[in-house]
Structure formats: C-alpha cells, structure tokens
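Below, each chain spelled out in residue letters.
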Amino acid sequence: MAKASPTLEFDTDWEYSSAPESTDHIQIKPQNELFINGDFVVPSDGNYFDTINPASEKTLSKVGHATADDVDKAVKAARKAVKGPWSKMDGAERGKYIFRIARLIQEKAREFAVIESMDGGKPIRESRDVDIPLVSAHFFYYAGWADKLEYAFPGKDTTPIGVAGQIIPWNFPLLMAAWKIAPALATGNAVVLKPAETTPLTALKLAEVLQEADLPPGVVNIITGAGKTGQAIVDHPDVDKIAFTGSTEVGKMIMRAVAGTGKRYTLELGGKAANIIFEDAPIDQAVEGIVNSIFFNQGHVCCAGSRLFVQESIADTIISKLKDRMETLIIGDPLDKNTDIGAINSKMQLDKIKMYVKLGQKEGGTIHQSSYSLPKKGFWYAPTLFTDVSQSHRVVQEEIFGPVLAIQTFRTVDEVITKANNIPYGLSGGVWTDKGSKIFKISKAVRAGVVWANTFNKFDPSSPFGGYKESGMGREGGLEGLMPYVNLV
Ligand code: NAP
Ligand code: MG
C-alpha cells in the first residue's frame, strides 16, 4: 500500500520517517513588485494577483500584474541598456557578471530550491538536485562563452540582436529563466522576461540576485502577469526577438503575431515522447526509467515519456513490474525529502488531467492507478497507466502534461519507428536495449530533438535542446543556443 507524506494532513501508516525541508531560512515578501530598470517598481495600475502553494492552496505572496504600459517601460529600459555600455562591453567583462550570477545562485541554492517547490509543487528532491544545480550550471556555461564568441562563430564578427522578449512556463520556472537569460547576456543583449502566473517567485528572487551582482540597470527586466502581459511583450514594436517556452497552442499564436514584423523568434513547445523498450533491455532499469520519465515531477515535463512502446514479448513483465513500482512511489508534501511525486501545479492543470483520463476511458482505454490516499487539500493526481489504447486515441496523440502513461506494444523495429513518429510532436524520445545498433537506428529514425538511450530526462547546458514539427523551432543550450541571440557580420 503506497503512503502519503505525514507532513500534510492525511494518511497515517508511514514507512519512512518524515523528512521535511526547513522553511525557516526562506523569506518570501508578502508583496512583490515588477523588476524594471534595476529597481522593484509598483505596477502602473496598482493591481496584484496571488501566487499560491499548490500543495496547500495557501497564498504565498501577492505579485504585481504588469500592464502594457509596464511592458513598454521594461522594453524602454532594455533598449537603453543595449544602447549603453552593456552591448559594447568587452566579452570578458560581461562574462564576469554572468559568473557572479552563477555563483550567487549556487550560494542561495537551498533557498531557491525551497521556494521553487513551495510555489510550483515539485518535490524538493528534484528542485534541489536537478533544477537549481542546472540553473547555475547554465549560467556558468554561458559565462564561459561571453569572451569566446569568435571561436563559436569562426571568421565572423557578432553583434547582439538587441532586446529579447522572453516568456516561460511553470514546470521548470527558474531553469527556463536561466535557459533564456544566460545566452542573451553572454551575447550582449538585454531582456524582458515574463515568468508564468503560477510560479513567479524564483524569477523575482533571481531579480534580487541580479541587483546583488550589480548587473547594469535595464539589462534584465522581470515582469509578472498573465497571458495578456506575455502578449503585450510579443506585440511590442521595439522588441527584436521573442523566445517562448510553453504550449504549442500559444506558440502558434506567437508565430502568427510576429509574422511579417521582422522579429526573430524561437519556440520550445509541447511534446509527447515515445519511450521504446526492447526485449533485450535491462528490464529493472527500464522500469525505473519509465517511472522517472513520466511520474516524477508529476509528468509536468515537456519531454516526458508519455507514450510507452514495449516489445510484445516482455509487455506483461514490464506492466506488472511497473504496477508494483507505482505502489511504492511516495506522493505528498513537496517539501518532504522522501517525496517522489508532488502537487499538480494548478487547479486548471488538474482539471485538464482529469478530463483526459475520463476521455481515454470513454475511448475504450483501461486505466490502472495506484492505491494512494491523496491529500485532502491541494491539487493531486495519482500516477496512471492506460492500456488498450491505440494510435488514434486522443490520450496517445495529445499532450496531457500530467502523470499519465499510455502503453502500446510492438513487434518489430520498423513498426515502432512508424508508431513513434505518428504524432504532431517531436521533442524527445527514449530507447532501451542492449544493442548499440538498435540505439543508432532508433535515434536516427525517431524525429525528435533528443533521443536518450538507456536513460531518460538527462540535461546538460552544453547540449542543444529543441523540437521538430509542432514541438517548436530553434535550439536552446550549447553552442547552438547562442545563435538566436546574435547577428553574424
Ligand atoms: P502556456 O499556457 O503556453 O504558457 C506559457 C507562458 O506563456 C506563460 O508565461 C503564459 O502566461 C504565457 N502566455 C499565455 N498566453 C499567452 C499569449 N497569448 N501570448 C504570450 N504569452 C502567453 O504553457 P504552460 O501551460 O505554462 O506550460 C506548459 C507547456 O509548456 C506544455 O505544453 C509543455 O510541453 C511546454 N514546455 C515546453 C518546453 C520545451 O522546452 N519545449 C519546456 C517546458 C514546457 P500565464 O502563465 O500567465 O498563462
Ligand atoms: Mg504558485
């Protein structure tokens, strides 16, 4: 019987001692302003919205709601910074600021991790061991490029493109901010960044770090708000480039909005990855890999392995082991260090997951859920498997963005390649096998930006990341991640 964490009010029978992360050292301001031109400023119409902890539904802080006027102020501040010494500064000098930011994030890593888990619902183990270390690694990596652009683009000079409008989602809030800000700064641009409405707090904490690092005013502006604020950034005539991570639906709207304006853009959008398990795979590791690919972080991962393809001969074994493993996953308080699965990010997202699971059953799919007792308060969803589904089912074709796995079987390599590619998305994929030849064949044939072999969801700042088809355009990370931020002359 799976257990819920004892630090929230629900279950009693618990195998592990509770290990809640302390929140004593965390300072969350009751009210957060917009970060424009190096200062925290009141939103022009004086409006604020609440950000809550999705595990308890308690309000954490009020956050400024940026209007189109505020967007305009932020863009003007960024333009002034680009025209000032920032973009002409020697790369080594610019790099020093970015190194400083990276080190300050490392120093405050625990604080960032706790706030990330409180504001977004992800387990502390993940924000502490994955998100925040990758954030500082990303700043370190791009700090290193700042004085080496001539080697990144041999034989060419580079100039910054100017003001970048950057809009990010709620699933990896600070990491997505780092993916956007670090390469833009390394190449001498200024930015206006908008975090997601449900997870603004770590980006605002980052603004404090930027002040502490003495980053010149206006180089990075962080403004909070909802979709409309994002739209005002996209529509602003003095923005040179839009970097967006989020849903395919909004990505398409942005593409339409910037068409014909001369603005450059990169889009990191949705995914529906195929995770392919061959009969010669290391079975137990593969089961752990499946769990990691779809259940951890509540399936709130754009590259989650939400479609599982198992070779027919081992399907029963894999499904039975997976069900056993699901029973031992710990769901509950994101701040408990034992927790595997935290809270769903918002009520809206929870409703979307429930809607898809109902729909999948209506379409003929069979579900299996572990016997969790879910916390009473907050937004929770038990890990869920779908069997008896096929390529045409909507739960197989559409991104659910929750802990819901659709399982299908296959017999041959060619069959699974066809099935894996029969989807509008192409962000990521995975293959589990003992044979290098199969790995090479699958990773070349699956139309996805990344295909992991005998592992899943591994990231490194030096590896470019991005999608094919409706999963987006452009790459972030690595040398390729510099390109969207420079003009080659
Ligand atoms: P979303 O609804 O598209 O929102 C993303 C961001 O855009 C948020 O800051 C949102 O603000 C803002 N926004 C909403 N409407 C807008 C508009 N009309 N114009 C400009 N900005 C607008 O996506 P989400 O639900 O936050 O995130 C989940 C999606 O992100 C999934 O599809 C996932 O696959 C994708 N994702 C992709 C990657 C990748 O690298 N490919 C990485 C992470 C996530 P509000 O929050 O205020 O609505
Ligand atoms: Mg929140």
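In this text the structure is predicted, and so the values were computed from the model without any measurement. (Residues numbered from 1 in each chain as written. Chains lettered and ligands numbered in written order. Predicted model: local features only at pLDDT ≥ 70, side-chain atom pairs only at ≥ 80, totals over all residues. Heavy atoms only, no water.)

Some details on the domain arrangement of the protein
Inference 1: By the assigned domains, the protein splits into domain 1 (31-269 + 471-488) and domain 2 (274-460).
Inference 2: Put simply, the middle of domain 1 and the middle of domain 2, counted by C-alpha atoms, are 30 Å apart.
Inference 3: Taken together, the 28 residues of domain 1 in the interface contact 30 residues of domain 2.
Inference 4: On the domain 1 side of the interface with domain 2, the three residues burying the most area are Arg 125, Trp 170 and Ser 471, jointly 24% of the side's total.
Inference 5: Connecting domain 1 to domain 2 are one salt bridge.
Inference 6: One salt bridge in this structure joins Asp 340 and Arg 125, with 2.8 Å as the shortest N-O distance.
Inference 7: Here domain 1 is connected to domain 2 by eleven residue pairs in polar contact (both at pLDDT 80 or more).
Inference 8: If you list the elements that add at least two residues to the side of domain 1 that touches domain 2, you get helix 3 (109-120) and helix 4 (124-145).
Inference 9: Looking at which element gives the most residues to the side of domain 1 that touches domain 2, the answer is helix 4, with five residues. (Domains from an automatic or database assignment. Contact = heavy atoms within 4.5 Å. Buried area = accessible area lost by both parts, 1.4 Å probe. Salt bridge = Lys/Arg side-chain N within 4 Å of Asp/Glu carboxyl O. Polar contact = N/O pair within 3.5 Å; in protein donor to acceptor, adjacent residues only side chain to side chain. Helix = DSSP H or I, 4+ residues; strand = E, 2+ residues; numbered from the N terminus.)

Looking at the pairing of strand 5 (residues 58-64)
Inference 1: Summarising the sheet, strand 1 (residues 31-32) and strand 5 pair through two bridges and their orientation is parallel. Counterpart to Gln 31 in the pairing with strand 5 is Lys 62.
Inference 2: Pairing analysis gives six bridges linking strand 4 (residues 48-53) to strand 5, with the strands arranged antiparallel. From the neighbouring strand, Thr 51 faces strand 5, where its bridge partner is Ser 61.
Inference 3: Counted along the chain from strand 4 to the antiparallel partner strand 5, the turn is four residues long, and its residue Glu 57 has a positive phi close to 65°. (Pairing = 2+ DSSP bridges.)

A few points about the coordination of the magnesium ion (ligand 2)
Geometrically, a metal with four donors at the corners of a regular tetrahedron has ideal angles of 109.5 degrees, and one with six donors at the corners of a regular octahedron has ideal angles of 90 or 180 degrees.
Inference 1: Those donors, Thr 51 (OG1), Ile 52 (O), Asp 119 (O), Asp 119 (OD) and Thr 198 (O), are the protein atoms that reach the magnesium ion (ligand 2), and they lie 2.2 to 2.5 Å from it.
Inference 2: On the basis of relative accessible area, Thr 51 is assigned to the buried category, the value being 1%.
Inference 3: Residue Thr 198 is classed as partly exposed on the basis of its relative accessible area of 25%. (Donors = N, O, S within 2.8 Å, 3.2 Å for Na, K, Ca; no water. Buried < 20%, exposed > 50% of the residue type's maximum accessible area, 1.4 Å probe, protein only.)

Focus: the environment of Val 135
Inference 1: For Val 135, the position within the fold is in helix 4.
Inference 2: When the C-alpha atoms of Val 135 and Ala 92 are compared, they prove to be 21 Å apart, with 43 residues separating the residues in sequence.
Inference 3: When neighbours within four sequence positions are excluded, Val 135 is seen to be in contact with Ile 105, Leu 174, Leu 175 and Ala 178.

Some thoughts on the sheet that holds strand 16 (residues 404-410)
Inference 1: The strand order across the open sheet formed by seven strands is 14-15-16-13-12-18-19, and the pairing between neighbours is mixed. Both edges of this open sheet fall to strand 14 (366-369) and strand 19 (450-453), since each of them pairs with a single strand only. Ignoring which end each strand starts from, the neighbouring axes of this sheet average 20° apart.
Inference 2: Summarising the sheet, strand 12 (residues 274-277) and strand 18 (residues 428-432) pair through four bridges and their orientation is parallel. Within strand 18, the residue paired with Ile 277 across the bridge is Trp 432.
Inference 3: In this fold helix 10 (residues 283-294) packs onto strand 12, strand 13 (307-311), strand 16 and strand 18, with an angle of close to 175° to the strand it touches most, strand 12. (Axes fitted to C-alpha atoms, helices over the stretch in contact; angles between N-to-C directions.)

A short note on the packing of aromatic side chains
Inference 1: Counted under the stated rule, the structure contains twelve aromatic pairs.
Inference 2: Considering the side-chain rings of Phe 35 and Phe 40, the 5.1 Å spacing of their centres and the 45° angle between planes classify their relative orientation as tilted.
Inference 3: Taken together, a centroid distance of 6.5 Å and an interplanar angle of 85° make the contact between Tyr 141 and Trp 145 edge-to-face. With Tyr 141 and Trp 145 both in helix 4 and four residues apart, this pair spans about one turn of that helix.
Inference 4: The class for Tyr 141 is partly exposed, based on a relative accessible area of 21%.
Inference 5: Looking at Arg 100, its charged tip hangs above the ring of Tyr 97, at a distance of 5.3 Å from the centre.
Inference 6: Above the face of the Tyr 485 ring, Lys 241 is positioned so that its terminal group lies 4.9 Å from the ring centre. (Phe/Tyr/Trp six-rings, centres within 6.5 Å; stacked < 30°, edge-to-face > 60°. Lys NZ or Arg CZ within 6 Å of the ring centre and 35° of its normal.)

Re the nonpolar core
Inference 1: Counting residues in each nonpolar core, the largest one holds 131 residues, and the members touching the most others are Ile 101 and Phe 139.
Inference 2: Per-element tally for this core: the top contributor is helix 6 (residues 173-186), with eleven residues.
Inference 3: Looking at this core, you find at least three residues from each of domain 1 (31-269 + 471-488) and domain 2 (274-460).
Inference 4: In contact with Ile 101, other than residues within four places in its own chain, are Phe 139, Leu 185, Leu 206, Val 209, Leu 210, Ala 213 and Leu 215.
Inference 5: Ranked by size, the runner-up nonpolar core spans 15 residues in total, among them Ile 353, Val 357, Leu 359 and Ala 406. (Core = buried A, V, L, I, M, F, W, Y, C linked by side-chain atoms within 4.5 Å.)

Section: the side chain of Asn 275
Inference 1: Residue placement: Asn 275 occurs in strand 12.
Inference 2: According to the relative accessible area criterion, Asn 275 is buried, its value standing at 0%.
Inference 3: Beyond its immediate stretch of four places on either side in the chain, Asn 275 contacts Gly 289, Ile 290, Ser 293, Gly 305, Arg 307, Leu 308, Phe 309, Gly 430, Val 431, Trp 432 and Phe 456.

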